[in-house]
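Reading the structure
If you want the building blocks of each chain, they are given just below.
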Amino acid sequence: GAYRNGVRIHRPQNPKTELSKSVVCCEFGYSRKKHEIDAMLGAVSRILQHGCRAIRQLGSGVLDLCYVATGRLDAVYAGIVNEGWKPWDY
């Protein structure tokens, strides 16, 4: 199991959340090419158009995952422009 400050983390009993009620986190990465920036913005636009409650960007993949584990975020979207996470994100 996972622990925070020596205390075991417990997810809420019903972790399934409808997208319309979800807070989704995504990381934009380091790409600065116009077509890749357009793809990143397009991905976020599609998530918003499907009706999520909010989008967040925390700047750290491991923090994103910790927030999902504790129920502070509902999902992490890491599929933007083939960027993927780097070793320092874990």
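1. Here's the deal with the confidence of the model for the protein chain
Of all residues in the protein chain, 89% have pLDDT values of 70 or greater, and the mean over the chain is 84. Mean pLDDT across the secondary structure elements of the protein chain bottoms out at strand 1 (residues 3-4), with 85, and peaks at strand 4 (residues 54-56), with 94.

2. What about the sheet that holds strand 4?
Strand order in the open sheet formed by 3 strands is 4-3-5, and the pairing between neighbours is parallel. Of all strands in the sheet, those bounded by a partner on one side alone are strand 4 and strand 5 (75-77). Going from strand to strand, the sheet's axes swing by 30° on average, the running direction of each strand aside. Most of the contacts of helix 1 (residues 34-49) go to strand 4, to which it runs at about 150°, and overall it touches strand 3 (23-26), strand 4 and strand 5.

3. Section: the pattern of salt bridges
A pair can form between side chains of opposite charge whenever their charged atoms are brought close. Summed over the entire model, instances satisfying the criterion amount to 1 salt bridge. Linking Lys34 and Asp38 is a salt bridge whose minimum nitrogen-to-oxygen distance equals 2.8 Å. Pair noted here: Lys34 and Asp38 are both in helix 1, with a separation of 4 residues, about one helical turn.

4. Quick look at the packing of aromatic side chains
Per the stated rule, a full pass over the model turns up 0 aromatic pairs. Positioned above the aromatic ring of Tyr67, the side-chain terminus of Arg72 is 5.0 Å from the ring centre.

5. Here's the deal with helix 1
Residues spaced three or four apart along an α-helix face the same direction, because each turn holds 3.6 residues. Look at helix 1: 22 Å from first C-alpha to last across 16 residues, which is about the 22 Å you get at 1.5 Å a residue. Within helix 1, burial applies to Glu36, Met40, Gly42, Ala43, Val44 and Ile47. Summarising the contacts, the buried residues of helix 1 are in contact with strand 3, strand 4 and strand 5. In the stretch just after helix 1, Gly51 is the one whose phi turns positive, near 100°.

6. Thoughts on a nonpolar patch on the surface
Judged by side-chain polarity, Leu58, Val62 and Leu63 come together as a nonpolar surface patch covering roughly 190 Å² of accessible area. By the element assignment, Leu63 lies in helix 2 (residues 61-69).

Each value, and the rule that gives it
- Residues numbered from 1 in each chain as written.
- Predicted model: local features only at pLDDT ≥ 70, side-chain atom pairs only at ≥ 80, totals over all residues.
- Heavy atoms only, no water.
- pLDDT = per-residue confidence, 0-100.
- Helix = DSSP H or I, 4+ residues; strand = E, 2+ residues; numbered from the N terminus.
- Pairing = 2+ DSSP bridges.
- Axes fitted to C-alpha atoms, helices over the stretch in contact; angles between N-to-C directions.
- Contact = heavy atoms within 4.5 Å.
- Salt bridge = Lys/Arg side-chain N within 4 Å of Asp/Glu carboxyl O.
- Phe/Tyr/Trp six-rings, centres within 6.5 Å; stacked < 30°, edge-to-face > 60°.
- Lys NZ or Arg CZ within 6 Å of the ring centre and 35° of its normal.
- Expected span 1.5 Å × (residues − 1).
- Buried < 20%, exposed > 50% of the residue type's maximum accessible area, 1.4 Å probe, protein only.
- Patch = residues over 30% accessible without salt bridge, like charges linked within 9 Å, V, L, I, M, F, W, Y side chains within 5 Å.
- Areas by Shrake-Rupley, 256 points an atom, 1.4 Å probe, with all protein chains shown as cover.

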